[in-house]
Amino acid sequence: MSRRALRRLRGEQRGQEVPSLGELGLDLGPESGWEGLPPPPLPPPPPPPAAAGKGRRRPARTGVSNRFELITAEESEDEPPSREEQADTQLSERDAAEANNEGAVSEEAEGDGQRDGEEAEQPDQTPMSSNKPRKKKKKRKTKKTSAGETLEGNDLEDIDSLLEKIEDTNGLSQQTESRVIADSRPLLYIEHRNLNPENELKRYFGARAVLGDQRQRQRQSVRSTWLTSPKNTWPRYSKTGIVMQLLETRRGVQYFTFKHHREYQQVQFKFLDAVESMDPNNIVPLLEALEPYHVDSLLQLSDVCRMQEDQEMARDLVEQALYSLECSFHPVFSLTSGTCRLDYRRPENRAFFLALFKHLMFLEKRGCPRTALEFCKLILSLDPENDPLCVLLLIDFLSLRAREYTFLIRMFQEWESHRNLSQLPNFAFSVPLAYFFLSRQEERSELELSQARERAARLIQLALIMFPSVLLPLLDRCSVQPDARVASHSFFGLNAQISQPPALNQLTSLYVGRTHSLWKDPAVMAWLETNVHAVLRMVDARDPLVEDSEHKRKMRYQGAPRNVYRHIILSEMKEAMAALPLEVTSQPVMGFDPLPPLDSIVSYTRPERTNHPSNESTLSLFFQSLLPNFNLQGNVRHDGEEEAGAGQDLHQGVNRLMAAMRDMLVNIQFQEPPRDDNPEGDGDWD
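Below you will find a few notes about this structure. (Residues numbered from 1 in each chain as written. Predicted model: local features only at pLDDT ≥ 70, side-chain atom pairs only at ≥ 80, totals over all residues. Heavy atoms only, no water.)

## Description of the overall build of the chain
Helices and strands together make up the secondary structure of the chain, namely 31 helices and three strands. Put simply, the chain has 686 residues, and 42% of those count as buried. When the accessible surface of the chain is split by element, carbon and sulfur atoms take 51% of a total near 40,700 Å². (Helix = DSSP H or I, 4+ residues; strand = E, 2+ residues; numbered from the N terminus. Buried < 20%, exposed > 50% of the residue type's maximum accessible area, 1.4 Å probe, protein only. Areas by Shrake-Rupley, 256 points an atom, 1.4 Å probe, with all protein chains shown as cover.)

Laid out in structure tokens, this is it:
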């Protein structure tokens, strides 16, 4: 007779039919392994009534349909019965226990390790949901033996160790996957999430520390942008008169340009007049009354605030300028594609380059090198061929600070063939430093670590041979005293710095002043010392590579291009600024347009000012400062008059000058000094 028939028979004898296991969702077919087998042992008995003492579980047992369950509840301290006894006397009890609580069956099967089939969950059964807490309590009661605690602790330790291994494996696989994805993307690919400095600060300090309790809603009129996060304290934005146009598309590359409307051009002319007055207070009315988002005015005032050490206001003004420019983007213009170009020769486009550069400098000082690196890549993607701001002198430093060593190495490998990056001192020293940092990452394989160490040693030796003048200034900035052999050797001595061309001196000074903090690590210094001695052995052995590098230094670096001077001025490195040539330092430099290109593409010109003669000489201006009524040229001629009698005009001008000088000498009165009654005096000259 089958179990189901036997159960039904005994249920009818009790006058109450027990629900079948099939109705409870348990499949006891021939394949389940339960057919024809004795029932598994009963679950561990519940605690005795004294332990249960407070009767918290009694109300849940009001619906008990099996009288044998009450008997087992009182036998908490006894051992579970054997399988032979259960086969004859406790089959119905087992069925009732399964109907009341499916969780107890699962726990019993886990404890004995004898589960032969799967149990289906019954969340809709009221008796089971009410009995679950009691069974869980019973499970905790049954594990109060020392052996059970030892087994439980060992299992938890094994689980923790397994989870750690799984996390490490997942982390390595994710890093490997991210490297594969990064290698498949374009080199100058931009990610929107990396343009927000708050994302980087959250990774360092957490969202609560970055945002705090100031999570206020932004105004409905504020437009969401990628480059900056607009603030409620900013003026309400309206159309500024700047638009972006698509000029052409060649070979999948789109060329854009900004354009100024006529009203914006008038504000630009007034801004130029205010700049020539050398008074920053004349710029403020332009922002207050005419155009609150005039880009050049915002950039110029930002420099003024920075000189007055108001860094917060200076950064805020630059962000407003970026916000204004981004709101005027063309619908097709993309920050992330890397195929959109802007020509720096057009004056309308320069403000965007300069605003991005000033913004990334603030980000780097703020402690967000990863975000600054993304903005640096954005500037380079706008004009990678010409690089008007020469961000190639900066991108290696930001990559090292952001620990993006793979990006720096990939850039060096891809651009070395057509850009000769190894001829720049910053790449010559930063790339081997990136290889050295990679050789210290434990998650990489031993083969990758050994290859990175070999490449780092080879490249740093080539850099020291090509640019020996970098070593001693770098050690001096790091407060490291070289040993006697290095200090006394002529290859790294003072002669190496004096004999190098001025253009190379500017590049080395810029690199040392910017990146010396990255070399202060004791491990880096020990690695550098080893390679310096290796280079000295090559020099003493008269390696032909040393002579060839010296010849290259003399032939190259005869003069720096204009974008290098522009980068040094914007970076404001004292060491590099002192090395600028006289033709750069002698001309005025404006913050809104430093060193404009000589081949600028001008779309509109500023009208000439009629109230300021353009042919006044320095001598005339000097005498006007002494004698306000003096005018060497007399009355200004009308445009239609002829320029006849130039000699007569010169003679009349000289006569007017002599007359003014006579009047000045006549009006001079010399006052006699007061007489002293004591000519000897009591002077204190001794």
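## Observations concerning the packing of aromatic side chains
All told, the structure shown has 20 aromatic pairs when counted by the stated rule. Each ring, one from Phe269 and one from Tyr604, has its centre 5.9 Å from the other, and the planes form 65°; the classification is edge-to-face. Separated by 335 residues along the polypeptide, Phe269 in helix H11 (residues 262-276) and Tyr604 in the loop between helix H29 (582-585) and helix H30 (618-626) bring together distant segments of the chain. Ring centres 5.6 Å apart and planes at 90° place the aromatic pair Phe329 and Phe352 in the edge-to-face group. Of this pair, Phe329 sits in the loop between helix H14 (311-326) and strand E3 (340-342) while Phe352 sits in helix H15 (residues 347-366), and the two are 23 residues apart along the sequence. (Phe/Tyr/Trp six-rings, centres within 6.5 Å; stacked < 30°, edge-to-face > 60°.)

## A look at the sheet that holds strand E2 (residues 253-260)
Strand order in the open sheet formed by three strands is E1-E2-E3, with mixed pairing between adjacent strands. In this open sheet, the two strands that pair with only one neighbour each are strand E1 (242-250) and E3. The sheet shows a mean angle of 35° between the axes of neighbouring strands, taken without regard to direction. Bridge count between E2 and E3: three bridges; the pairing is parallel. Paired with Tyr255 across the strands is Arg341, a residue of E3. (Pairing = 2+ DSSP bridges. Axes fitted to C-alpha atoms, helices over the stretch in contact; angles between N-to-C directions.)

## Looking at the environment of Tyr237
Among the secondary structure elements, Tyr237 is positioned in the loop between helix H10 (207-211) and E1. You can call Tyr237 partly exposed: its relative accessible area is 25%. Taking C-alpha positions, Tyr237 is 9.3 Å from Tyr323, a pair spaced 86 residues apart along the chain. Setting aside anything within four residues of it in sequence, one finds Tyr237 in contact with Tyr293, Tyr323, Ser324, Cys327 and Ser328. (Contact = heavy atoms within 4.5 Å.)

## Considerations on the pairing of E1
Judged from the eight bridges that link them, E1 and E2 form a sheet pairing that is antiparallel. Considered in E2, the bridge of Gln245 is made with Thr257. The hairpin formed by E1 and E2 contains two residues between the paired strands, and Arg251 there has a positive phi angle of roughly 55°.

## A word on the pattern of salt bridges
Within the structure shown, the criterion is met by 25 salt bridges. We note a salt bridge from Asp521 to Arg440, for which the minimum N-O separation is 3.1 Å. One end of the pair, Asp521, is in the loop between helix H24 (502-515) and helix H25 (522-540); the other, Arg440, is in the loop between helix H19 (425-438) and helix H20 (446-466), and 81 residues separate them in sequence. Overall, the relative accessible area of 28% leaves Asp521 in the partly exposed class. A salt bridge links Glu448 to Arg444; the shortest N-O distance between them is 3.6 Å. Here Glu448 falls in the partly exposed class, since its relative accessible area comes to 35%. Arg444 gets classed as buried once you look at its relative accessible area, which sits at 17%. In the salt-bridge network here, residues are joined through shared partners; they are Asp303, Arg306, Lys358 and Glu572. (Salt bridge = Lys/Arg side-chain N within 4 Å of Asp/Glu carboxyl O.)

## Some thoughts on the nonpolar core
Note that soluble globular proteins tend to have their nonpolar side chains buried in a common cluster. Within the largest apolar cluster, 129 residues are counted, with the highest numbers of intra-cluster contacts made by Leu227, Phe352, Leu360, Phe427, Phe429 and Trp519. Considering each element in turn, this core owes the most residues, 11 residues, to H15. The residue makeup of this core includes at least three contributed by each of domain 1 (187-206 + 226-386) and domain 2 (391-560). Other than its neighbours up to four places away in sequence, Leu360 contacts Ala372, Phe375, Cys376, Ile379, Leu394 and Leu398. (Core = buried A, V, L, I, M, F, W, Y, C linked by side-chain atoms within 4.5 Å. Domains from an automatic or database assignment.)

## Examining H19
Between its first and last C-alpha, H19 extends 20 Å over 14 residues, near the 20 Å set by a 1.5 Å rise per residue. Among the 14 residues that make up H19, 14 are buried, leaving the element largely enclosed by the rest of the structure. (Expected span 1.5 Å × (residues − 1).)

## Some points on the packing of helix H18 (residues 405-419) against H19
Running from amino to carboxyl end, H18 crosses H19 at an angle of 135°, the nearest separation of the two axes being 9 Å. Classed by the angle they form, the pair H18 and H19 counts as oblique. The two elements H18 and H19 cross, and the hand of that crossing is left-handed. From H18, Tyr405, Leu408, Ile409, Met411, Phe412 and Gln413 reach across to H19, where they touch Phe427, Ser430, Val431, Ala434, Tyr435, Phe437 and Leu438. Residue composition of the contact of H18 with H19, by class: 11 nonpolar, two polar and no charged. (Parallel < 35°, antiparallel > 145°, perpendicular 65-115°, else oblique. Left-handed = near helix turned anticlockwise from the far one by under 90°. Nonpolar A, V, L, I, M, F, W, Y, C, P; charged D, E, K, R; others polar.)

## Let's talk about H14
With 16 residues, H14 extends 23 Å between its outermost C-alpha atoms, agreeing within 8% with the 22 Å of an ideal straight helix rising 1.5 Å per residue. For H14, the buried fraction is high: 13 of the 16 residues fall into the buried class.

## Examining the packing of helix H13 (residues 295-307) against H15
Where H13 meets H15, the axes come as close as 10 Å, and the angle between the chain directions of the two elements is 30°. Taken as axis vectors, H13 and H15 run roughly parallel relative to one another. Seen from above, H13 lies across H15 with left-handed handedness. Contacts between H13 and H15 involve Val295, Asp296, Leu299, Ser302, Asp303 and Arg306 on the former and, on the latter, Ala351, Leu354, Ala355, Lys358 and Phe362.

## Let's talk about the environment of Lys554
Relative to the helices and strands, Lys554 is located in helix H26 (residues 544-555). Along the sequence, Lys554 and Ser499 sit 55 residues apart, while their C-alpha atoms lie 8.7 Å from each other.

## Considering unusual backbone geometry
Of note, the phi angle at Arg403 is positive, near 60°, even though the residue is not glycine. Mapped onto the secondary structure, Arg403 falls in the loop between helix H17 (395-401) and H18. Positive phi outside glycine occurs at Leu595, with the angle close to 50°.

## Quick notes on the side chain of Gln268
Within the secondary structure, Gln268 is located in helix H11. Within the structure, Gln268 has its side chain in polar contact with the side chain of His294 (distance 2.8 Å). In this structure Gln268 touches His294, Asp296 and Tyr604, once residues within four positions along its chain are discounted. (Polar contact = N/O pair within 3.5 Å; in protein donor to acceptor, adjacent residues only side chain to side chain.)

## Structural notes on the environment of Ala351
Residue position: Ala351 is located in helix H15. In sequence terms Ala351 and Val295 are 56 residues apart; their C-alpha atoms lie 6.9 Å from each other.

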